[in-house]
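If you want the building blocks of each chain, they are given just below.
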Amino acid sequence: MTSTLYLSLAILVGIGAATQSALLAAMGRDKGPYEGTWINMLAAIGGLAMLFVVRGVAGRTPLLPAPFNQAAAFAVVACLTGVSLAISVRGLNPVFAVTGLFAIAYLLGIGYGAPKIGIALFVAGVTVGQLAGALAYDHVGAFGLTVHHASITRIAGLGVVLAGVLIVRFAP
């Protein structure tokens, strides 16, 4: 993959982080910030456990100490977190159940992309993606949040951040 593709991955990861932020803000409004964080963490742990199950079934044993070197252990974790997540999101929009999956994308994205293009460029890409996503979500009042229109000044701020990404990308 070229550095442009890894930078694009970073920007997508940033948009995912903005999505996670908007979902957490909406849950904080509806249930409270601690409850929203709980739901987020359950989804992240459950989603990561499912990834380990899929990798284990495909023959890729987790490089962790016992009992977490077996896909079966992660299947148990996935089931427990899945049930806990289903209970925890009762009375909320079911889309909130995926909030923590964006954290997995962020962490795996760093693990794959940052070694290829450097931490500074990867984080810069994430930042521009996160700000662009946040501006879009604010503009439409995503998930029932308060609308904050994308004014020319706010868009110019995104332009400044994007300029920073380009400077980091093309710096010697």
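Residues numbered from 1 in each chain as written. Predicted model: local features only at pLDDT ≥ 70, side-chain atom pairs only at ≥ 80, totals over all residues. Heavy atoms only, no water.

*Asks:* Help me understand the packing of aromatic side chains in this model?
*Replies:* The geometry of two aromatic rings is summed up by the distance between their centres and the angle between their planes. In this structure the tally under the stated criterion is 3 aromatic pairs. Ring centres of F68 and F74 lie 5.5 Å apart, and the angle between their planes is 55°; this geometry places the pair in the tilted category. A relative accessible area of 8% means that F74 is categorised as buried. Among the aromatic residues, those joined into a ring-pair cluster are F52, F68 and F74. (Phe/Tyr/Trp six-rings, centres within 6.5 Å; stacked < 30°, edge-to-face > 60°. Buried < 20%, exposed > 50% of the residue type's maximum accessible area, 1.4 Å probe, protein only.)

*Asks:* Would you mind going over helix α3 (residues 71-88) with me for this structure?
*Replies:* An α-helical segment advances 3.6 residues per turn. Residues three or four places apart therefore align on the same side. Between its terminal C-alpha atoms α3 stretches 25 Å, which fits the 26 Å expected from 18 residues at 1.5 Å a residue. Taken residue by residue, α3 has A71, A73, F74, A78, T81 and L85 as its buried positions. Looking straight down α3, one finds that the buried residues subtend no more than 140° of arc, so they occupy a single side. When the buried face of α3 is taken as reference, the exposed residues oriented beyond 90 degrees from it are A72, C79, L80 and V83. Structurally, α3 contributes buried residues whose contacts are with α2 (33-57). (Helix = DSSP H or I, 4+ residues; strand = E, 2+ residues; numbered from the N terminus. Expected span 1.5 Å × (residues − 1). Arc of directions from axis to C-beta. Contact = heavy atoms within 4.5 Å.)

*Asks:* How should I be thinking about the packing of helix α1 (residues 3-30) against helix α4 (residues 101-117) in this particular structure?
*Replies:* Between two packed helices, what matters for the description is the angle formed by their axes and the separation of those axes. Look at α1 against α4: their axes get within 9 Å of each other, and the N-to-C directions meet at 155°. Of the possible angle classes, the one that applies to α1 and α4 is roughly antiparallel. Between α1 and α4 the crossing geometry is left-handed. On the side of α1, the interface is formed by S3, Y6, L7, V13, G16, T19, Q20 and L23, while α4 contributes F102, A103, A105, Y106, G109, Y112, G113, K116 and I117. (Axes fitted to C-alpha atoms, helices over the stretch in contact; angles between N-to-C directions. Parallel < 35°, antiparallel > 145°, perpendicular 65-115°, else oblique. Left-handed = near helix turned anticlockwise from the far one by under 90°.)

*Asks:* How do you make sense of the packing of α1 against α2 when you look at a structure like this?
*Replies:* The contact between α1 and α2 brings their axes to 7 Å, and the two run at 135°. On the basis of their axis angle, the class for α1 and α2 is oblique. Of the two possible hands of crossing, α1 and α2 adopt the one that is right-handed. Note on element contacts: α2 touches α1 through P33, G36, T37, I39 and N40, opposite Q20, L24, M27 and G28.

*Asks:* Hey, could you run me through a nonpolar patch on the surface in this one?
*Replies:* On the surface, L48, L51, L108 and Y112 cluster together into a nonpolar patch covering about 370 Å² of accessible area. Structurally, the position occupied by Y112 is in helix α4. (Patch = residues over 30% accessible without salt bridge, like charges linked within 9 Å, V, L, I, M, F, W, Y side chains within 5 Å. Areas by Shrake-Rupley, 256 points an atom, 1.4 Å probe, with all protein chains shown as cover. Salt bridge = Lys/Arg side-chain N within 4 Å of Asp/Glu carboxyl O.)

*Asks:* What is the right way to read the pattern of salt bridges from this model?
*Replies:* Working definition: two side chains of opposite charge can pair if their charged atoms are close together. Taken as a whole and assessed by the stated rule, the structure comprises 2 salt bridges. We note a salt bridge from R29 to D30, for which the minimum N-O separation is 2.7 Å. Taking relative accessible area as the criterion, R29 reaches 42% and is therefore assigned partly exposed. On the basis of relative accessible area, D30 is assigned to the partly exposed category, the value being 41%. The partner of D138 in a salt bridge is R154, and the shortest N-O contact between them spans 3.1 Å. Of this pair, D138 sits in helix α5 (residues 119-140) while R154 sits in helix α6 (residues 152-170), and the two are 16 residues apart along the sequence.

*Asks:* Just to check I follow, could you spell out the environment of G159 for this structure?
*Replies:* Following the sequence through the fold, G159 ends up in helix α6. The exposure class assigned to G159 is partly exposed, which follows from its relative accessible area of 35%. G159 sits 28 residues away from L131 along the chain, and the two C-alpha atoms are 10 Å apart.

*Asks:* Can you walk me through the nonpolar core in this structure?
*Replies:* Generally speaking, soluble globular proteins have nonpolar side chains that are buried together. Formed by 14 residues in total, the largest nonpolar core has its most connected members in I117, L121, F122, V126 and V165. Elements supplying a minimum of two residues to this core: α1, α4, α5 and α6. Among the elements that take part in this core, α5 stands out by supplying 6 residues, more than any other. In contact with F122, other than residues within four places in its own chain, are Y6, L9, A10, G109, I110, G113, A114 and I117. If you look at the next biggest cluster of nonpolar residues, it comprises 11 residues, including A26, L42, L85 and L92. (Core = buried A, V, L, I, M, F, W, Y, C linked by side-chain atoms within 4.5 Å.)

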